[in-house]
Amino acid sequence: MNPSSQSYTIAMPWYERTDFEELWALSADKDEVPCDYDRWHAEASRVMRDHLARGVAIQFIRIRPVEYMEWLAGAPNTASMRRTYVEYLAAGVARQSEIIDAA
């Protein structure tokens, strides 16, 4: 792997079932997100395995609805905003309790 062109670690959003359902209900891009937690989890697991197979470490970031919606401050709940939020948490700007360690 060439460190100048690829990252060794990525931040990946992670949801608990009830959090996923609540966030999906509040989503502004429902047509781009699976409405079913099991479908989302299967796809997220596939992406995770692909990254791990390439030697990329993963930092799992749990998105909790209350904190996330506060962070949004009225902005739309979209995939782009969720990515930005995960990057924000991964950068260590937020409380460490919101980051789930990949064990």
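Residues numbered from 1 in each chain as written. Predicted model: local features only at pLDDT ≥ 70, side-chain atom pairs only at ≥ 80, totals over all residues. Heavy atoms only, no water.

Caption draft 1: The overall build of the chain, seen in detail. Counting its secondary structure elements, the chain contains four helices and three strands. Reading the helices (α) and strands (β) of the chain from amino to carboxyl end gives β-α-α-β-α-α-β. For the chain, the residues scored as buried account for 32% of the 103 residues in total. Put simply, 67% of the contacts in the chain that link residues at least 6 apart link residues at least 24 apart. Accessible surface computed for the chain: about 6,300 Å², of which carbon and sulfur atoms make up 53%. (Helix = DSSP H or I, 4+ residues; strand = E, 2+ residues; numbered from the N terminus. Buried < 20%, exposed > 50% of the residue type's maximum accessible area, 1.4 Å probe, protein only. Contact = heavy atoms within 4.5 Å. Areas by Shrake-Rupley, 256 points an atom, 1.4 Å probe, with all protein chains shown as cover.)

Caption draft 2: Representation of the environment of Pro 65 in the model. Along the polypeptide, Pro 65 turns up in helix H3 (residues 65–72). Between the C-alpha atom of Pro 65 and that of Glu 21, which follows or precedes it by 44 residues, the distance is 9.7 Å. Aside from chain neighbours lying at most four places away, what touches Pro 65 is Asp 19, Glu 22 and Leu 23.

The values reported here are purely geometric and, on their own, carry no functional implication.
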